[in-house]
Amino acid sequence: MPKASKILAARVDELIQALNFHNYRYHVLAAPLISDAEFDALYQELRGIEEAHPALLRADSPTRRVGGGVSAKFVKAPHPAPILSLANAFSAEEVRAWYERLVRLDDRVEQAGYVVEPKIDGLTVVLHYQDGQFVRGATRGDGLVGEEITPNLATIRTLPLRIPVPTSAKLGRAKAAAKWKKGLAGPPTAPHTLVVRGEAVIYTKDFEAMNAGLAAAGEEPYVNPRNTASGALRQLDPKLTAARPISLLCYAVVEADGVQLDTQWEVLQYLRAMGFPTAATVERCADIESVIRYCEAQAQTRDQLPYETDGIVIKLNDLRLAADLGFVGKDPRGALAYKFPAREVSTTLQDISVNVGRTGVLTPGALLEPVVVAGVTVRQATLHNFNYIVEKDIRVGDRVLIKRAGEVIPYVIGPMVAARTGAERVYQMPTVCPSCGQPIERVEGEVAYYCVNGACPAQLTRLVEHFVAVLDIEGFGEKLALQLVQAGLINDVADVFRLTKAQLLAQEGFADKKAQNLVDSIGATRERLVRDGQLGRLIGALGIRGVGEVMANDLAAQFGTLDALSAAGGEELQAVSGIGPSASQALADWFGLKRNQQLLAKLKGLGVWPEAANRRQAQVADTLAGLTFVITGTLPTWSRDEAKAFIEAHGGKMTDSVSKKTSYLVLGEAPGSKLAKAQSLGVVVVDEAGLKRLGETGQAA
Ligand code: IVH
């Protein structure tokens, strides 16, 4: 290897080590040692090197997590050991009965301890490592043969691509890293072969954030975390998997050559030391009564866990003893699932309400005959959207099945058709907004219905709630937003910054101190926005349809001021990465409205006018100037028009047919004859990601 390449390869090594380490600190330990921006800088450096020197792209590079090539179908993957089921227990009595049976079979059980773990309601996955490298991963399938989904699993942030996960990194806070290493002296090397089992899950908070983002963009939210994770992992295009916030929790070692693991507790320690995420609430219990106490306590606090569980897995700690006890059918005797009370119950759907969101989107809600689900009285549930009601044929008066899971709001699974009496009524879609009475509209290509009245009081209330939450104004909550809108003190979000102490004192619930505190914290918020140049935060707070936190920050960095953003045309907007035609249209619509221009003028007049602290130096660079592109097949995320807008915004040209003059062929799924033509002419072929990189960095992969 020439000397320069050697130096680069060493740098790549250092960067991968650092990124994998910091990724683990962030995603698995939730204890980051560096900021997101510092992480990004390391990541961009690595990506830059890999693009310029494809030979240096390693299998364990964290840049692979964005998702690689698309598969045509999944390959079958026989498991090294069958994935078994577990016998269930629904009460303390049944747990004791299990114990009694075991003692009769083998008196060692009396002295044996237990490990108790949450029974995670996710998807079982089997992960294979060769010499420390993640080489293969599969779904459960029928327990004997699964489907290989390696590229999809590789996108999971908490799945180590290489083990053991580095316990220190030269780059970024080496000292703090070394301290961590001392506390967790892991095995020095990975075994030749390691097969691990775990569950892929979506954490409740990630699920809710994802759905909030979809709702903000006017898209249909997902029904539950488990199905979402399952669907995402079975995508043929790993980029679609990468776009979903899937996590991993491991609990079993199927194979580890040369490693002697005698107890389940050791298994968990070993997994952790290698860098696998494991459940935080696992415990050791000395006897069956403490197992039962643990189960009953966990049943009470299951909602506090960050993911959904449906019970506890009780395992004999001594793996030898567990193996000796054998099986009953497919269930190993040495383990038992203590199931929590079901979260699905039936009740009567009394009526359907309609909620108006901040962008005017209307969502139906179920008003239920109150029913207790796992200890909580439920009166309302989500129905997702109006299509859902039609698809599931949910009628007012129906007996419906509802599910309450984790912190997620309960949802209606569907009607119990057999219980119908004939008195049920087919739901009539509203034609006017329940808050303001104006006609509602459906946006082409979206499932949602909207109230398009800009003066709708319900929308204003939601918008103010969003505005104060995003700006993080201390002491300003949802109740107050409603109260002040109803009192007529707030007619647009800028009015938040015009509130006076005298006005507040005239409101119910405001004494001198409280009014003063609120006025002070509003003032402090304005000061902070301007002083710290938090333009992205302000843009996000405006509640423009489809503009979430990330996009708002990108827009702020790109345009620097609201004046510049307001003046930007569609092409300029779409040149910001991640902004497609629909968001660009939503922005244009928003800034095109007179009342929004008045709102901006008002904010400016009130001094709520930050300039972005992180303004990018150049506007869109002409990175593609002089280059000609041809597209074949369907791109994973962009339409042809979007790709064209991107190419043109960066100074390039797009044509329809391949010729000697073509610089690049952009390859999508199901390409046509253009591919063969391009290859015969020696035209360079890139995929959508390659095109993006080319535009953003000017460097080809
Ligand atoms: S151990 C002998 N531990 O539950 C089989 N399984 O009903 C023991 N599961 O297929 C499996 N959390 O999908 C085990 N902490 C945990 C688990 C767990 C969830 C799932 C797994 C298994 C099923 C058994």
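Residues numbered from 1 in each chain as written. Predicted model: local features only at pLDDT ≥ 70, side-chain atom pairs only at ≥ 80, totals over all residues. Heavy atoms only, no water.

### Comments concerning the overall build of the protein
- In terms of regular secondary structure, the protein is built from 25 helices and 26 strands.
- Here the C-alpha coordinates of the protein stretch approximately 80 × 75 × 55 Å along the principal axes.
- Look at the contacts in the protein between residues 6 or more apart in sequence, and 69% of them connect residues 24 or more apart.
- Accessible surface, the protein: about 33,000 Å² in total, of which carbon and sulfur atoms supply 52%. (Helix = DSSP H or I, 4+ residues; strand = E, 2+ residues; numbered from the N terminus. Contact = heavy atoms within 4.5 Å. Areas by Shrake-Rupley, 256 points an atom, 1.4 Å probe, with all protein chains shown as cover.)

### Regarding the site of the ligand
- Around the ligand, a shell composed of 13 residues is seen, among which Glu117, Ile120, Thr124, Glu199 and Lys315 lie nearest.
- Here Glu117 contributes a side-chain N or O atom positioned 2.8 Å from a nitrogen atom of the ligand.
- Glu199 places a side-chain nitrogen or oxygen 2.6 Å from an oxygen atom of the ligand.
- Here the ligand loses 86% of its free accessible area of 510 Å² to cover by the protein chains.
- Those elements that provide at least two residues to the shell around the ligand are strand 3 (114–120) and strand 10 (309–316).
- With four residues, the top contributor of residues to the shell around the ligand is strand 3.
- Each residue belonging to the shell around the ligand can be placed in one class, and the counts come to eight nonpolar, one polar and four charged. (Near = heavy atom within 4 Å. Polar contact = N/O pair within 3.5 Å; in protein donor to acceptor, adjacent residues only side chain to side chain. Nonpolar A, V, L, I, M, F, W, Y, C, P; charged D, E, K, R; others polar.)

### Thoughts on the packing of aromatic side chains
- This structure, assessed with the given rule, holds 11 aromatic pairs.
- The interplanar angle of 0° and the centroid separation of 6.3 Å between the aromatic rings of Phe386 and Tyr427 together place this pair among those described as stacked. A residue pair is termed long-range when its members are at least 10 positions apart, and Phe386 in helix 12 (residues 386–391) and Tyr427 in the loop between strand 20 (425–426) and strand 21 (440–442) qualify at 41 residues.
- An aromatic cluster of at least three residues, connected via ring pairs, comprises Tyr129, Phe134 and Phe276. (Phe/Tyr/Trp six-rings, centres within 6.5 Å; stacked < 30°, edge-to-face > 60°.)

### Description of the nonpolar core
- Ranked by size, the top nonpolar core spans 53 residues in total, and within it Phe467, Phe476, Val496, Phe497, Leu555 and Leu562 carry the most contacts.
- Looking at this core, the elements with two or more residues in it are helix 13 (457–471), helix 14 (478–486), helix 16 (512–531), helix 17 (535–541), helix 18 (549–559), helix 19 (562–567), helix 21 (581–592) and helix 22 (594–605).
- Of all the elements, helix 13 adds the most residues to this core, at six residues.
- Ignoring anything within four residues of it in the chain, the contact list for Val496 reads Val464, Phe467, Val468, Ile473, Phe476, Ile490 and Ile522. (Core = buried A, V, L, I, M, F, W, Y, C linked by side-chain atoms within 4.5 Å. Buried < 20%, exposed > 50% of the residue type's maximum accessible area, 1.4 Å probe, protein only.)

### Points about helix 18
- All of the buried residues along helix 18 are Met551, Ala552, Leu555, Ala556, Ala557, Gln558 and Phe559.
- Lining the buried residues of helix 18 we find helix 17, helix 19, helix 20 (570–574) and helix 21.
- Gly560 lies just past helix 18 and shows a positive phi near 80°.

### Notes on the packing of helix 13 against helix 14
- Direction vectors running N to C along helix 13 and helix 14 enclose 140°, while the axes themselves pass 9 Å from each other. Put simply, helix 13 runs oblique to helix 14. Both helix 13 and helix 14 take part in a crossing whose hand is right-handed. When helix 13 is examined against helix 14, the residues Pro457, Leu460, Thr461, Val464 and Glu465 are found in contact with a partner set consisting of Glu478, Ala481, Leu482 and Val485.
- A class-by-class count of the residues in the contact of helix 13 with helix 14 yields six nonpolar, one polar and two charged. (Axes fitted to C-alpha atoms, helices over the stretch in contact; angles between N-to-C directions. Parallel < 35°, antiparallel > 145°, perpendicular 65-115°, else oblique. Left-handed = near helix turned anticlockwise from the far one by under 90°.)

### Let's talk about helix 9 (residues 264–274)
- Along helix 9, eight of the 11 residues are buried, which leaves the element largely enclosed by surrounding structure.
- Those residues of helix 9 not exposed but buried are Gln264, Trp265, Val267, Leu268, Tyr270, Leu271, Ala273 and Met274.
- Looking at the buried residues of helix 9, the elements they touch are strand 3, strand 7 (193–202), strand 8 (246–256), strand 9 (283–285), strand 10 and helix 11 (319–325).
- Two residues or fewer past helix 9, Gly275 is found with a positive phi of approximately 105°.

### What to know about the sheet that holds strand 13 (residues 335–339)
- In space, the five strands of this open sheet follow the order 2-13-10-3-9, with mixed pairing throughout. Strands at the two margins of the open sheet, each flanked by one partner only, are strand 2 (88–89) and strand 9.
- Pairing of strand 10 with strand 13 involves five bridges; the strand directions are antiparallel. Note that in strand 13 the partner of Gly311 across the bridge is Lys339.
- Across the sheet, helix 9 lies against strand 3, strand 9 and strand 10, angled at about 55° from strand 3, the strand it touches most. (Pairing = 2+ DSSP bridges.)

### Remarks on the confidence of the model for the protein
- For the protein, the average pLDDT comes to 88, and 94% of its residues sit at 70 or higher.
- Across residues 174–187, where pLDDT falls below 50, the model places 20 contacts with residues more than four positions away in sequence or in other chains. (pLDDT = per-residue confidence, 0-100.)

### With respect to the sheet that holds strand 23 (residues 628–632)
- Here four strands make up an open sheet; going across it, the order is 24-23-25-26 and the pairing parallel. Either end of the sheet is taken by a strand with one partner, and the two such strands are strand 24 (653–654) and strand 26 (684–686).
- As judged from the four bridges shared by strand 23 and strand 25 (residues 664–667), these two strands associate in the parallel manner. Along strand 25, the bridge assignment pairs Thr632 with Leu667.
- Set on the sheet, helix 25 (residues 688–697) makes contact with strand 23, strand 25 and strand 26; between it and strand 25 the angle comes to about 135°.

### Topic: the pattern of salt bridges
- Within the structure shown, the criterion is met by 30 salt bridges.
- Note that Lys315 and Glu117 form a salt bridge whose closest N and O atoms lie 3.0 Å from each other. Here Glu117 lies in strand 3 and Lys315 lies in strand 10, a separation of 198 residues in the sequence.
- Its relative accessible area of 3% is what places Glu117 among the buried residues.
- Lys501 is the salt-bridge partner of Asp512, the closest N and O atoms lying 3.1 Å from each other. Remark: Lys501 occurs in helix 15 (residues 501–505) and Asp512 occurs in helix 16; sequence separation between them is 11 residues.
- Judged by relative accessible area, Asp512 falls into the partly exposed class, the value being 46%.
- Overall, the relative accessible area of 25% leaves Lys501 in the partly exposed class.
- One continuous salt-bridge network, built from bridges that share partners, spans Asp106, Arg108, Arg320 and Asp324. (Salt bridge = Lys/Arg side-chain N within 4 Å of Asp/Glu carboxyl O.)

### Considering the state of the cysteines
- By the definition in use, this model includes zero disulfides.
- Left unpaired, Cys433 is separated from the closest cysteine sulfur, that of Cys436, by 3.7 Å.
- The class of Cys433 is buried, set by a relative accessible area of 2%.
- Cys433 supplies the cysteine sulfur nearest to Cys456, a cysteine that is in no disulfide, at a spacing of 3.8 Å.
- Assessed through its relative accessible area of 0%, Cys456 is described here as buried. (Disulfide = S-S within 2.5 Å.)

### Brief notes about unusual backbone geometry
- Following Ile163, the chain continues into Pro164 via a peptide bond in cis, with omega recorded as -10°.
- If you trace the backbone, Pro164 turns up in the loop between helix 4 (150–153) and helix 5 (174–183).
- Look at Asp393: it is not a glycine, yet its phi comes out positive at around 50°.
- Relative to the elements of secondary structure, Asp393 occurs in the loop between helix 12 and strand 17 (395–396).
- At Asp472, a residue that is not glycine, the phi angle is positive and equals roughly 60°.
- With respect to the helices, strands and loops of the structure, Asp472 is situated in the loop between helix 13 and helix 14.
- Judged by its relative accessible area of 52%, Asp472 is exposed.

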